[in-house]
Amino acid sequence: MRRSAELRRNLAYAAFWPFFGLCFYALEWLVPGRVYHVMYHPVDDLIPFCELFLIPYLFWFLFMVGAYVYTFFAEPEAFRRMMVFYMIVFGVSTLVFFLYPTCQNFRPEVFPRDNLLTRTMGLLYDLDTNTNVCPSLHVSGGIGAALGFVATKRFSTRGWKIINTLIAACICASTVFVKQHSVIDVFWGLVLSYAAWKLAFRRPMQNGER
């Protein structure tokens, strides 16, 4: 009985995703004539394109889905904390995208090498626009998954915390090495994630939670 009640509560939180998806789709494709502000910092010129970072960049999807599915069924309290985090960072980011549209112009016209990773990167460029980049959803999404995992009992050990932190760090770094984001986008993604962490994960634990 208690488990079914927990799952119903989780479903209520999960209703955020269709709403966010519709809002983001509208911003990307249904709002014509927007004036975008180019995100750029001189440090961006010092960061080379490196297709190896496509691996952690794409692992972001698996990382988030893994944290979402595991916590949804196994650790409901961790799931809801993680969802509060995502509601804050993705909600605030969507509002920023609406009020201050941003883009980046870092994508290489010609890749320095021809291999499976660069060809895959080219397909990703075709599928994903270079708009709505600051703050980086990839940064906050990866951090949210890591926080969700370490808020569980199974993954709260020191070793798992280190592993999840390294995964999140690689995902954050990947955004600039595959030329999808400026360091400015990463910085504001980190700032927003820190604020959301304070609100979603730092409140007192209840009933012996971790």
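Look a little higher up for the structure.
Since the model is a prediction, treat every value here as computed from it, not as a measurement.

Draft legend 1. Region of interest: the nonpolar core. By size, the foremost hydrophobic cluster in this structure holds 37 residues, and its most contacted members are Phe85, Tyr86, Val89, Phe90 and Phe201. Elements represented by at least two residues in this core include exactly α2 (16-30), α4 (54-74), α5 (76-99), α7 (137-150), α8 (158-177) and α9 (183-200). Among the elements that line this core, the one with the most residues is α5, at nine residues. In this view, phenylalanine 201 contacts Arg81, Met82, Phe85, Leu147, Gly148, Ala151 and Ala196; residues no more than four positions away in its chain are not counted. In terms of nonpolar packing, the next biggest core, distinct from the first, is built from seven residues, Leu54, Tyr57, Met121 and Val178 among them.

Draft legend 2. Region of the structure containing the layout of surface pockets. A volume near 580 Å³ is recorded for the largest pocket. Around the largest pocket, the lining comprises 27 residues; the ones closest to its centre are Phe24, Trp60, Phe61, Leu137 and His138. Mapped onto the lining of the largest pocket, the elements with two or more residues apiece are α2, α4, α5 and α7. At six residues, α4 tops the list of elements feeding residues into the lining of the largest pocket. The residue inventory of the lining of the largest pocket, partitioned by class, reads 16 nonpolar, eight polar and three charged.

Draft legend 3. Structural view of the environment of leucine 27. Along the polypeptide, leucine 27 turns up in helix α2. Expressed as a C-alpha distance, the spacing of leucine 27 and asparagine 132, which sit 105 residues apart in the sequence, is 8.1 Å. Setting aside chain neighbours within four positions, we find leucine 27 in contact with Arg34, Tyr36, Thr94, Phe97, Phe98 and Asn132.

Calculation rules
Residues numbered from 1 in each chain as written. Predicted model: local features only at pLDDT ≥ 70, side-chain atom pairs only at ≥ 80, totals over all residues. Heavy atoms only, no water. Core = buried A, V, L, I, M, F, W, Y, C linked by side-chain atoms within 4.5 Å. Buried < 20%, exposed > 50% of the residue type's maximum accessible area, 1.4 Å probe, protein only. Helix = DSSP H or I, 4+ residues; strand = E, 2+ residues; numbered from the N terminus. Contact = heavy atoms within 4.5 Å. 1 Å grid on protein atoms, 1.4 Å probe; cavity = no way out; pocket = protein on both sides within 12 Å on 5 of 7 lines; lining within 4 Å. Points joined across faces, edges and corners; volume = space filled by probe spheres on them. Nonpolar A, V, L, I, M, F, W, Y, C, P; charged D, E, K, R; others polar.

It is worth stressing that arrangement in space is one thing and function is another; only the former is reported here.
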